[in-house]
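Listed here are the chains, written in short residue letters.
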Amino acid sequence: MKIMSDNSEITFSNYGVYDLESDLEFFLPNTTIKFHRISDNAFSYFRKNYEGMIVEKIIPIKSNNLKIELAPIRPLNHPARRTSHMFLQFDKDIYLSENSAASIFVHCPIEIGIFLVHESTRDSLDWITCNSLNSRFGLYGSPDTGKLCKYAKVSLATDYTDSNSYLEGVMQIVVENTLSFGQSISKIVFQITDNALYYQDSKTIIDGIKITMKKRAAVNIADVKTTSLQTDWSMSPTWEDKIVSTHMEMGLE
Amino acid sequence: MVLEFLQGLSEMQLVGELTVLSLLIGGIIMAGGVIIAKIAKLLFHKYYAPSLPKDTAQNISKLIYFGILVISFLGFTSSQGIDLSGIMVAGGIFAVVIGFATQSVVSNLISGLFLIVEKPAKHGDTIELPDMGISGTLLDIGTFSSKVRKFDGTVTRIPNEKFFTSNIRSLTLSTVRRADVSVGISYESDIDGAILAIKNEIQQTMPFVLQIPEPEFRVEELGDSSVNIHVFVWHPRDDWSQAQPILLTTVKRALDKSGIEIPFPQRVIWTGKD
């Protein structure tokens, strides 16, 4: 992907696995990453963002070569890891009439992880967000019993190719309304640690979710479950604690 | 040689049927019990406690330690041929006497048990005891007293009775907390413009401030020299330091950037000639 900046053309780095033999540079929106060999057994890592914040690390290595993977990760780490839940607020409400179903695509924010590649595992070296202003928290529910979530106001996407490189992935949401009346959906809350991310070049797609609006006794609820994607895109590694959960329910408002 | 030595010890009677050998065996049982209790506590802390909530781990640790000590003590008494049923009867009388003498100690002990059962706060919680003017992190609810590490790093010991009967304000029980500041702008300034400027600055520079619920602004007072606006923001409970202490700075910066005046108190003085 290329953009014009300060009269010069910047080519942003694609996601993927890179061999690190001597020096290597990655250019991402608002961020520059540099690897530099400082000795036979060590590399240095340098990251600088547009605010001038610098992160430096030394990476001792056993073998002569080192592999690095640049991949999208779940948007849970900036400004700090506080939750496993995502709160997506749609810019437009989605209306579903009684006993109907719909499939939509939405943008979902992502972060970018830098991993050291071993034979079968990935070690997290660092992570960044290319859009820190859209990396905020929100509360679903009341202050005493609510659920703290990462919050983002998102727009609908046309399909899986409509991803905003380095900033947002695309997620499919299937909504089914089994209630006997129409219902508007303006937001969804779900545990995003159940959703895997996949990448190709600079694009990202995310495991989908299925929402079933149904009546349970006297209460109307939205039952939210994760649906796995079948794709030939590369699956992103992750290092977050995997919290096993079957599904999450939201109250209908 | 050793057998003869032990035989000699068993023949050395101290009081009644109590011999030096039985006392030695009792001592070994008690010492062994203490060592086993300490090792069991250590192993529990090393291998199991890290995966449990802090307060549960502390309680189980105490249960293991004192449980082994009690078993050791029972072993000690049976090795000495002591009949505990007699002690039980005598204990009833002594309990009344000791109860009066150690009223506060027993009160602290009972309060400690109630605190463990009721759990008004857990180990590691940030709490405030307004009656005592103490706020900090709860380190331990012990047998007779509790320990709170204040924000200046010092540790305060509070008798359980006082702790149990105090008002306890938990600062970590809710998922989120609210920070607030008050600021005055001049009467000539645009109130909506000031609120918008503050809102934008908070959005851009305070990543821990929640978007939902949104920052709230209330025109609090038409003061002597200024229109006073109260700003409320919510933040994750663990990130108080990223909200409250810097909120006023952020508000001031926003008003400075927008050229909105924060007025000084003004007084107009008329002299006699005027």
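Remember, it's a predicted structure, so these values are computed and weren't measured experimentally. (Residues numbered from 1 in each chain as written. Chains lettered and ligands numbered in written order. Predicted model: local features only at pLDDT ≥ 70, side-chain atom pairs only at ≥ 80, totals over all residues. Heavy atoms only, no water.)

**Considerations on the pattern of salt bridges**
Taken as a whole and judged by the stated rule, the model has 16 salt bridges over all chains. Between A:Arg82 and B:Asp239 there is a salt bridge, with the nearest N and O atoms lying 2.7 Å from each other. Of this pair, A:Arg82 sits in the loop between strand S8 (66–73) and strand S9 (85–96) while B:Asp239 sits in the loop between strand S10 (227–236) and helix H8 (244–257), on two different chains. On the basis of relative accessibility, which here comes to 3%, the residue B:Asp239 falls in the buried class. For the salt bridge of B:Glu216 with B:Arg218, the shortest nitrogen-to-oxygen distance reads 2.8 Å. Residues joined by salt bridges that share partners form a network here, namely B:Glu201, B:Arg253 and B:Lys257. (Salt bridge = Lys/Arg side-chain N within 4 Å of Asp/Glu carboxyl O. Helix = DSSP H or I, 4+ residues; strand = E, 2+ residues; numbered from the N terminus. Buried < 20%, exposed > 50% of the residue type's maximum accessible area, 1.4 Å probe, protein only.)

**Some details on the environment of B:Ser174**
On the secondary structure map, B:Ser174 appears in the loop between strand S7 (169–170) and strand S8 (176–185). For B:Ser174, a relative accessible area of 27% corresponds to the partly exposed category. Along the backbone, B:Ser174 and B:Ala37 are 137 residues apart, and their C-alpha atoms lie at a distance of 37 Å. The residues touching B:Ser174, leaving out its near neighbours within four places in the chain, are A:Pro143, A:Asp144 and B:Arg237. (Contact = heavy atoms within 4.5 Å.)

**Describing the nonpolar core**
Among the nonpolar cores identified, the biggest contains 54 residues, and A:Phe35, A:Ile59, A:Leu88, A:Ile173, A:Ile188 and A:Phe190 are the most heavily contacted of them. Formed by 21 residues, the second largest nonpolar core is a distinct cluster that contains B:Val209, B:Val231, B:Val233 and B:Ile260. (Core = buried A, V, L, I, M, F, W, Y, C linked by side-chain atoms within 4.5 Å.)

**What to know about the domain arrangement of chain B**
Partitioning chain B into domains gives domain 1 (15–105), domain 2 (120–170) and domain 3 (176–257). Computed over C-alpha atoms, the centres of domain 2 of chain B and domain 3 of chain B are 32 Å apart. (Domains from an automatic or database assignment.)

**Considerations on the interface of chain A and chain B**
Taken together, the contact pairs 15 residues of chain A with 17 residues of chain B. Counting each side, the surface lost to burial between chain A and chain B is near 1,400 Å², with a carbon and sulfur contribution of 65%. On the chain A side of the contact with chain B, A:Arg136, A:Phe137 and A:Pro143 bury the most area, a combined 37% of that side's loss. The tally of links from chain A across to chain B stands at one salt bridge. Taken together, chain A and chain B are joined by six residue pairs in polar contact (both at pLDDT 80 or more). Here the side of chain A that touches chain B takes four residues from strand S13 (residues 136–140) of chain A, the largest share from any one element. In terms of residue class, the side of chain A that touches chain B is made up of eight nonpolar, four polar and three charged. (Buried area = accessible area lost by both parts, 1.4 Å probe. Polar contact = N/O pair within 3.5 Å; in protein donor to acceptor, adjacent residues only side chain to side chain. Nonpolar A, V, L, I, M, F, W, Y, C, P; charged D, E, K, R; others polar.)

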